[in-house]
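Each chain is listed here by its residues.
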Amino acid sequence: MPVLQRYIFSQAFLPAILSLSALALLALLTQSLQTLDLIVENRQSATTFFYITILALPQLIGIILPLAVFMAAIYALNRMTNDSELVVAKANGVSPWSIGTPVLRLGVYALLLHLIINLLVQPLSFQQMRKEILKVRTDIASQMVQAGEFVTPAPELTVYTREIMPDGELRDVMIHDARDPNSITTHTAKTGRLQRSTSFTSLVLVNGSVQTPLDDGGLDVVAFETYQLDLSDVVALDNVLRLKSSDKFLHDLLRPDPRDYITPKTRRELAAEGHARLASPLYNLALVLLTLAFLLRGQHSKLGNGRKIAICAVTGFSIRLIGFGLASSAEGNSGLNVAQYILPIIVILVCLAYLMNRGRVRFGKKRAGAAYDTAMTNAPEVKLS
């Protein structure tokens, strides 16, 4: 790669990284607000909160990557134009295509990265995120006990523990069970631990006693070293892992397992997600070419490129928003899946044709001097006698 092209690539690459980081951080903060409610309601640790939030990052990067590359390309070309670097390069015989190749290469790299994220990284991270969310929702300790408080997980059942250790052990446990009016009991123990299997949930108490009131007003106390209290009828949490369309790999989206019961609506949603994963990386290339078409071609203006940049930005963001709309509409109409590819491909082809046109292109109104030259050229010749 020539020195000039390496320089242009570096001028676009660093802003792309900064733009991607800033947009990803903003999207991550938005995502964390949704996760925060889940963590607070189930009394989970900060580590679990950050882990679940980070697992959502690949999808967020896939959404904002084309826009980050788009903004970086606009910034790099505009800065080099304002510093007259591109003017000097063109004056030395460097073609606009040679100037735009490094920026175009950045778009290709972004396209490949986007494709890897969509097809591999996102499904892996989202499947792990669903497992962590399921683990949080089915955490028996968070559903039944809270340190220092009396909790009633079921009518006529009260549970108290003084402290919950990091490994899940309960300290100084008391359970008052009055679900059966004919057999009211109070369990106390120094320690306890919740255990769960696929079909059985219990609380194992260690070094405690069971107090049962008698008909004559007395109290029957039975000490124990280990006691297992059945809680299967109290804890009825759904522990089945259910994957959404965003969690599945491409082959599961486009060719669902025939053994799974899938409604026509769900099949359309899966197909729309699958085609969106293949089509969305094309916007990295389309938006970069759009930037080159606006900022590399046309005549240079000493007043700056403010008008060009504004039109380019509005056009680029509108194209991307239309792409999001097509992906959403394809969930209800499978015929729009083809349109998800057509839109970015049309932008790519139109921009390539425009960039390869060697004719002189003027942007906006002609300058007064240019209009005067044209008028003088077309004026009839007058001979003096």
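Residues take numbers from 1 onward in each chain, read along the sequence in its written order. With pLDDT at 70 or above as the cut-off, local features in this predicted model cover only qualifying residues; side-chain atom pairs require 80 or more to be listed or tallied, and sums for whole chains, interfaces and linings still use all residues. Computation of side-chain values: all heavy atoms of the structure, hydrogens and water removed.

A.B. asks: What is the right way to read helix α10 (residues 306-329) from this model?
C.D. replies: For an α-helix the count is 3.6 residues per turn, leaving residues at separations of three or four pointing the same way. Strands here mean DSSP runs of E at least two residues long; helices mean DSSP runs of H or I at least four residues long; both are numbered from the N terminus. To estimate how far a helix should reach, multiply one less than its number of residues by 1.5 Å. With 24 residues, α10 extends 34 Å between its outermost C-alpha atoms, agreeing within 8% with the 34 Å of an ideal straight helix rising 1.5 Å per residue. Here's how the labels work: a residue is buried when its accessible area is under 20% of the maximum for its type, exposed when over 50%, partly exposed in between, all with a 1.4 Å probe on protein chains only. Residues of α10 that are buried: Lys-308, Cys-312, Gly-316, Ile-319, Arg-320, Gly-323, Leu-326 and Ala-327. Only heavy atoms matter for contacts: two residues are in contact if any of them lie within 4.5 Å across the pair. Elements that come into contact with the buried residues of α10 comprise α3 (57-82), α8 (264-279), α9 (282-295) and α11 (337-356).

A.B. asks: Would you mind showing me how to read the sheet that holds strand β3 (residues 170-177) here?
C.D. replies: Across a sheet, paired strands are connected by hydrogen bonds in the backbone, their directions being either parallel or antiparallel. Across the sheet, which stays open at both edges, the 6 strands sit in the order β1-β2-β3-β4-β5-β6 with antiparallel pairing between neighbours. Every other strand in the sheet has two partners, leaving β1 (150-154) and β6 (219-230) as the edge strands with one partner each. Between one strand axis and the next, the sheet turns by 25° as a mean value, whatever way the strands run. Here strand β5 (residues 201-213) pairs with β6 via 11 bridges, running antiparallel. Each residue of the ladder has a partner; that of Gly-208, found in β6, is Phe-224. Pairing between strands requires that DSSP locate at least two bridges from one strand to the other. To obtain each axis, a line is fitted to C-alpha atoms, and for helices this fit is confined to the stretch in contact; angles are then taken between N-to-C directions over 0 to 180 degrees.

A.B. asks: Would you mind going over the packing of aromatic side chains with me for this structure?
C.D. replies: Two measures describe an aromatic ring pair: the distance that separates the ring centres and the angle between the ring planes. Here the aromatic set is Phe, Tyr and Trp, taking the six-membered ring for Trp, and pairing holds for ring centres within 6.5 Å; pairs whose planes are under 30 degrees apart are stacked, those over 60 apart are edge-to-face, and all others are tilted. Considering all chains together, one arrives at 6 aromatic pairs under this definition. Plain terms: the ring middles of Phe-9 and Phe-13 are 5.8 Å apart, the flat faces sit at 15° to each other, and that makes the pair stacked. Residue Phe-9 and its partner Phe-13 are located together in helix α1 (residues 3-41), separated by 4 residues, close to a single helical turn. Connected via pairs of aromatic rings, a cluster forms that spans Phe-9, Phe-13 and Tyr-109. A cation over an aromatic ring shows up here: Arg-320 above the ring of Tyr-283, its NZ or CZ 4.3 Å from the ring centre. Above the ring of Phe-324, the side-chain terminus of Arg-320 is found at 3.9 Å from the ring centroid. Ring-over charges, as used throughout, are those where CZ of Arg or NZ of Lys falls within 6 Å of the ring centre and within 35 degrees of the ring normal.

A.B. asks: What is the right way to look at the packing of α8 against α11 in this model?
C.D. replies: The relative placement of two packed helices is expressed as an angle between their axes plus a distance between the axes. Close contact between α8 and α11 brings their axes to 9 Å; oriented N to C, the two are set at 15°. Comparing their axes, α11 and α8 come out roughly parallel. α11 is crossed by α8, and the crossing has right-handed handedness. Contact with α8, carried on its side by Ala-271, Ala-272, His-275, Ala-276, Leu-278 and Ala-279, involves Asn-337, Gln-340, Tyr-341 and Pro-344 of α11 and no other residues of that element. Amino acids are sorted into nonpolar (Ala, Val, Leu, Ile, Met, Phe, Trp, Tyr, Cys and Pro), charged (Asp, Glu, Lys and Arg) and polar (every other residue, Gly among them). Of the residues assigned to the contact of α8 with α11, the class counts are 7 nonpolar, 3 polar and no charged. Here is the rule for angles: anything less than 35 degrees is roughly parallel, anything more than 145 is roughly antiparallel, 65 through 115 is roughly perpendicular, and the remaining ranges are oblique. Each crossing gets its hand from how the near helix is turned against the far one by less than a right angle, where anticlockwise is left-handed and clockwise is right-handed.

A.B. asks: Explain the packing of α9 against α10 to me, please; I cannot follow it from the model alone.
C.D. replies: Their axes nearest at 10 Å, the elements α9 and α10 cross at an angle of 160°. Comparing the axis directions of α9 and α10 gives the class roughly antiparallel. In this structure, α9 crosses over α10, and the sense of that crossing is right-handed. Together, Tyr-283, Leu-287, Leu-290, Thr-291, Phe-294 and Leu-295 of α9 and Lys-308, Ile-309, Ile-311, Cys-312, Thr-315, Gly-316, Ile-319, Arg-320 and Gly-323 of α10 make up the contact between the two elements. A breakdown of the residues in the contact of α9 with α10 according to their chemical character gives 9 nonpolar, 4 polar and 2 charged.

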